[in-house]
Amino acid sequence: MEGNILIVDDEEVVIKSCERILTPEGYNVKGVTSARDAMEMLKNGEFDLVITDLKMPGVDGLELIHWIHKSNPRLGIVVITGYPSQESIKEALEYGIIDYLPKPFSPQLLLDVTEKAINAVKAKKEEEKPIEVADVEAKYNEIMEVIRKNKDKPGSLIPILQQTQEILGYLPPTVQRLIAKELNIPVSEVHGVVSFYSFFTMKPKGKHNLRVCLGTACYVKRANEILAKIKEVLGIEEGGITKDRKFSLETVRCLGACGLAPVVVVDHDTHGAVDPVKVEDIIKKYE
Ligand code: FES
């Protein structure tokens, strides 16, 4: 299993035995004997997990945990303690440590707790990854195949963009950069084409796409209140998409149905004379 781990313990023997147990499993392990040294290492290096003793001379483990909590909340923490029932472990748990190792611990317990902690850190990173990066990673091979098949044909950029949009549903900056790099052209050229043609979109669409008209006829009939209500109900901004990808939200300038103002279009359904208080009922129809 992969992961960069920092062991912090004033007893060198604990560091050495952790290294001996974890390194053969594929972990990259480093050790320091004080919290101060740990802070320096963490400022300069990329770590996924810190396994720290609580009781250390000088700056103790709890202070280190506070510091990590403030400076790098994404870092996983496991605590080594001889007294799992003491107040400090409760405080450490409140700071979101993943688990603790009661001293003395067996090699198997260290391996189990480390694997659990590394998995938790990876899951959190995955969750926080921008949606477009996750999308491009998931379809990377298909996109590369499209690029490979087309790149040597003249005028290949538009067909590549069209086919990539068919695969991904949209053309976010990440994929524009990838295409530019593979075609050996400036990103600005790719971006220029994507923004010029209206059939290209840079925003992901939900299963249901809501378009709120903010044209003059709709605006004077409280379209802004409708928009605010939709944002509140879905918890997204204009151009956004809900986490479950069910709904996305756009605004437009006149949908050509001014007689029905204010207008909201969901997919291909036009809702006219929309009352802000009825917004929730409209959305519920599509859930
Ligand atoms: S202004 Fe909204 S449909 Fe025309």
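Since we're looking at a predicted model, the values are computed, not measured.

**Student:** What's the story with the domain arrangement of the chain in this structure? I'm lost.
**Tutor:** Interfaces are often sized by the amount of accessible area the parts lose when they come together. Domain annotation of the chain identifies domain 1 (4-128), domain 2 (134-196) and domain 3 (208-284). In this structure, domain 1 and domain 3 have C-alpha centres spaced 48 Å apart.

**Student:** Would you mind showing me how to read the nonpolar core here?
**Tutor:** Grouped burial of nonpolar side chains is what soluble globular proteins tend to show. Within the largest apolar cluster, 25 residues are counted, with the highest numbers of intra-cluster contacts made by Leu-210, Val-212 and Ile-230. Only strand E6 (208-213), helix H12 (223-234), strand E7 (247-252), strand E8 (264-266) and helix H13 (279-284) provide two or more residues apiece to this core. With 5 residues, the single largest contributor to this core is H12. The next biggest cluster of nonpolar side chains, apart from the first, holds 22 residues, and it includes Leu-6, Ala-35, Leu-42 and Ile-65.

**Student:** Explain empty space enclosed by the protein to me, please; I cannot follow it from the model alone.
**Tutor:** Which parts of space are left empty comes out when a probe the size of a water molecule is rolled across the atoms. Taken as a whole and assessed by the stated rule, the structure comprises 2 cavities of 30 Å³ or more. Considered as a void within the structure, the largest cavity measures approximately 40 Å³ in volume. Lining the largest cavity are Lys-203, Pro-204, Lys-205, Asn-209, Gly-239, Gly-240, Ser-248, Leu-249 and Glu-250. It is E7 that provides the largest number of residues to the lining of the largest cavity, a total of 3 residues. Here the lining of the largest cavity is composed, by residue class, of 2 nonpolar, 4 polar and 3 charged.

**Student:** Would you mind going over the packing of helix H8 (residues 157-168) against helix H10 (residues 187-196) with me for this structure?
**Tutor:** Axis angle and axis distance: for two packed helices, these are the angle between their axes and the distance between the axes, and together they describe the pair. In contact at an axis separation of 11 Å, H8 and H10 are set at 65° when each is read in the N-to-C sense. As summarised for this structure, H8 and H10 are arranged roughly perpendicular, according to the angle between their axes. Helix-helix and strand crossings are classified by hand; for H8 and H10 the assignment is right-handed. The segment H8 lies against H10, with Leu-157, Ile-158 and Leu-161 engaging Glu-189, Val-190, Val-193 and Val-194. Class assignment of the residues belonging to the contact of H8 with H10 gives a composition of 6 nonpolar, no polar and 1 charged.

Reading the values: the criteria
- Every chain's residues receive numbers from 1 upward, in the order its sequence appears when written.
- Under the rules for a predicted model, residues below a pLDDT of 70 receive no local features and side-chain atom pairs below 80 are neither given nor counted, while totals for whole chains, interfaces and linings still include all residues.
- With hydrogens and water set aside, each side-chain value is computed from the structure's full complement of heavy atoms.
- Throughout the structure description, domain borders are defined by an automatic or database domain assignment.
- Take the buried Ala, Val, Leu, Ile, Met, Phe, Trp, Tyr and Cys residues and link them wherever side-chain atoms come within 4.5 Å; each set so joined is a nonpolar core.
- Accessible area is worked out with a 1.4 Å probe on protein chains only. A residue is then buried under 20% of its type maximum, exposed over 50%, and partly exposed in between.
- The secondary structure listing takes helices from DSSP runs of H or I that are at least 4 residues long and strands from runs of E that are at least 2 residues long, numbered from the N terminus.
- Here a cavity denotes grid points, spaced 1 Å and computed from the protein atoms alone, that fit a 1.4 Å probe unable to get out, and a pocket denotes an open set having protein on both sides within 12 Å along at least 5 of 7 lines; residues with an atom within 4 Å of a point are the lining.
- Grid points are joined across faces, edges and corners, and a volume is the space filled by probe spheres set on the points.
- Charged residues are taken to be Asp, Glu, Lys and Arg, nonpolar residues to be Ala, Val, Leu, Ile, Met, Phe, Trp, Tyr, Cys and Pro, and polar residues to be all remaining types, Gly included.
- Lines are fitted to the C-alpha atoms to define the axes, a helix being fitted only along its stretch in contact, and any angle between axes, read from their N-to-C directions, falls within 0 to 180 degrees.
- Working definition: roughly parallel below 35 degrees, roughly antiparallel above 145 degrees, roughly perpendicular at 65 to 115 degrees, and oblique for all remaining angles.
- If you view the pair so one helix is near and one far, a crossing is left-handed when the near helix is turned anticlockwise from the far one by less than a right angle, and right-handed when it is turned clockwise.
- By definition, residues are in contact when any of their heavy atoms lie within 4.5 Å.

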